[in-house]
Protein chains: 2
Amino acid sequence: MTPERFDSIKDIPLFAKITDESFEHLTRGAFVQNFPSNVEIITEGDTADFLHIVQSGCVELFSTWSNRETTMTTLYENSTFILAATMKDRVNLMSARTLQKSRIIMIPSENVRSVFQSDPHFAVAIVDELSRCYRATIRNMKNLKLRTSIERLANYLLKQYRRRGNTLAFRLPIEKRRLASYLGMTPENLSRAFTNLKPYGVVVDGQNITIADLDKLIEFAIPDDLID
Amino acid sequence: MTPERFDSIKDIPLFAKITDESFEHLTRGAFVQNFPSNVEIITEGDTADFLHIVQSGCVELFSTWSNRETTMTTLYENSTFILAATMKDRVNLMSARTLQKSRIIMIPSENVRSVFQSDPHFAVAIVDELSRCYRATIRNMKNLKLRTSIERLANYLLKQYRRRGNTLAFRLPIEKRRLASYLGMTPENLSRAFTNLKPYGVVVDGQNITIADLDKLIEFAIPDDLID
DNA sequence: CATCTGGCTTGATAAATATCAATCAGCGAA
DNA sequence: TTCGCTGATTGATATTTATCAAGCCAGATG
């Protein structure tokens, strides 16, 4: 008897191909928790006792040092986090907080490690997910080191456009101040960056963005398959 | 009969615990190649047909975009690279060039993937290595986003000090212009950053660095277990 | 309905970082 | 040895980005 409340995780590539036995083993001791918005659910430096999965809602991974804070990435439904720390049984390098009311599945790290050993399909999926996260981070770092803040914003907008199936008008998925932190700038400079993109056909109305001249924006942003 | 020329890779954690059979399988079709200094051995965008291992020498991973270039990391002997792209059978996100005369072992990606399936010990080692690389990249990104260039340099020097078993005088392992790129600044600003660290007891003579006042440097740099 | 609040924007200024130009130092080749 | 090259340094300047200080605005709250 598999607990149905975990069934949704089978939609996630990481768990798609595992056997019923592995699934049963994984979810033993696992639980689902509802969090309100703006709650810190993981603190960097703590040990990674659970692999986390965003079932619904939105979670921000962030880090702090010496009174400064930066957003590392933002996760939406069906994303996993803390996988690397889980596999190595190490402390988390990032903190996590909810940005909306969120449902989080938590699977004991020990279960993940032991099913990794017993189920080759799951092992492949783990490596796939780890590689994916690693490569996403490399892209992120290239973006940060090779582009100016305005270029990063331009490419961020183009990525949103693509992710929504080439929609020219969309809503920013997160607050601007968090987007600023993710893109490595201050909220003030994000405002000015938007102003700078006006000549390239970017129209901003609160959280609503319209790309009025796609070609012009692309010409400015120079998106790249190896970064974006 | 295992080809002895590959024996040294057994010193690398990734290959330490594998069976003779796996080893034989892995090294079938593998080869060792000697490169002079300053040769591009991998170009970003190319498919990852081989897992690479630095047997001796030094390799820089770098990326380019729109006529700009940045050093992502520098690898020394017994490091592997292109592991994530190898496992996912994807294109490389970074280029690689030798910084010294180097010996590189190249193992066909297909072999790596198939031994991953057949040898659970190797599978664990792969996940360990991937997690390690991923976490190192996260640390790198935190360093870049949370610290100023002078703070990054200060912490880089402290890391060198630690890596050499707490030696206060050492030689920079790479040219300053490459260090500058790795730390996300221009060579000119690296020079000025060194000057800025003089009051904290950092003495520079060409590639030779001496930390004359460790406590003062630590007080300025605020090294952090979750970054450095 | 008025008020309050937090996030956003804008302008002025400061700090950090890059660029450009010139010079210097070390090193290998002729 | 001298020449020529490359990388490092330094100064002057420009650009980028951050900080500080108002003010604005929409949504939540009483």
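Scroll up to find the structure.
Think of each chain on its own: its residues are numbered from 1, step by step along the sequence as written. Written order determines the labels here, with chains lettered from A and ligands numbered from 1. The model is predicted, so local features are restricted to residues of pLDDT at least 70 and side-chain atom pairs to those at 80 or more, both for listing and for counting; the totals for chains, interfaces and linings are taken over all residues. Working from all heavy atoms in the structure, the side-chain values ignore hydrogens and water.

Next up on the list: the relation of the copies chain B and chain A. Take chain B, turn it by 180°, move it 0.0 Å along the axis, and it overlays chain A with an RMSD of 0.0 Å. Taken together, the rotation and translation describe the operation of a two-fold axis. Taking C-alpha positions as the reference, the residue of chain B nearest the rotation axis is Tyr-134 of chain B, at 2.5 Å. Superposing copies: least-squares fit, C-alpha atoms only, residues required to have pLDDT of at least 70 in both.

Turning to the sheet that holds strand 4 (residues 59–65) of chain A, a few remarks are in order. Residues and elements named next belong to chain A. Two strands pair under a simple rule: DSSP has to find at least two bridges between them. Helical segments are the DSSP runs of H or I of at least four residues, strand segments are the runs of E of at least two, and each set is numbered from the N terminus. Spatially, the four strands line up as an open sheet ordered 2-7-4-5, and their pairing is antiparallel. Every interior strand has two partners, whereas the edge strands, strand 2 (40–42) and strand 5 (68–75), have only one. Across the sheet, the mean angle from the axis of one strand to that of its neighbour is 35°, orientation sign disregarded. Alignment of strand 2 against strand 7 (residues 95–98), held across two bridges, turns out to be antiparallel. Paired with Ile-42 across the two strands is Ala-96, which belongs to strand 7. Here the axes come from fitting lines to C-alpha atoms, over the contacting stretch only for helices, and the angles between their N-to-C directions go from 0 to 180 degrees.

Residues and elements named next belong to chain B. Contact geometry of helix 4 (residues 109–118) with helix 5 (residues 120–146) gives a least axis separation of 6 Å together with a crossing angle of 120°. In terms of axis orientation, helix 4 runs oblique to helix 5. Our pair here, helix 4 against helix 5, has a crossing hand that is left-handed. Each of Val-112, Val-115, Phe-116 and Ser-118 in helix 4 lies in contact with helix 5, whose residues at this interface are Pro-120, Phe-122, Ala-123 and Ile-126. With respect to orientation, any angle under 35 degrees is reported as roughly parallel, any angle over 145 as roughly antiparallel, any angle of 65 to 115 as roughly perpendicular, and every other angle as oblique. Each crossing gets its handedness from the near helix: less than a right angle anticlockwise from the far helix is left-handed, clockwise is right-handed. Residues are treated as being in contact if the distance between any of their heavy atoms lies within 4.5 Å.

Further remarks concern a negative patch on the surface. Two joining distances apply to patches: 9 Å for like charges and 5 Å for nonpolar side chains (Val, Leu, Ile, Met, Phe, Trp, Tyr), and every residue must have over 30% relative accessible area and no salt bridge. The protein chains shown are the only cover counted for residues, whose accessible areas, like all others here, come from Shrake-Rupley with a 1.4 Å probe. When a carboxyl oxygen of Asp or Glu is within 4 Å of a side-chain nitrogen of Lys or Arg, the pair counts as a salt bridge. We treat Lys and Arg as the positive residues and Asp and Glu as the negative residues; His and chain ends play no part in the count. The location of each charge is read from NZ of Lys, CZ of Arg, CG of Asp or CD of Glu. On the surface, a cluster of negative charge is made up of Glu-40, Asp-46, Asp-49 and Glu-110 of chain A. Checked against the element boundaries, Glu-40 of chain A lands in strand 2.

The interface is formed by 53 residues belonging to chain B together with 53 residues belonging to chain A. Remark: the boundary between chain B and chain A carries six salt bridges. Pairs of N or O atoms are called polar contacts if they sit within 3.5 Å, as long as, within protein, a hydrogen donor faces a hydrogen acceptor (for residues adjacent in sequence, only side-chain-to-side-chain pairs). If you look at where chain B meets chain A, you find 22 residue pairs in polar contact (both at pLDDT 80 or more). Elements with a minimum of two residues in the side of chain B that touches chain A: strand 4 (59–65), strand 5 (68–75), helix 3 (83–88), helix 4, helix 5 and helix 7 (176–182) of chain B. For the side of chain B that touches chain A, the element with the most residues is helix 5 of chain B, which contributes 20 residues. Classes in brief: Ala, Val, Leu, Ile, Met, Phe, Trp, Tyr, Cys and Pro nonpolar; Asp, Glu, Lys and Arg charged; the others, Gly included, polar. Partitioning the side of chain B that touches chain A into residue classes produces 25 nonpolar, 14 polar and 14 charged.

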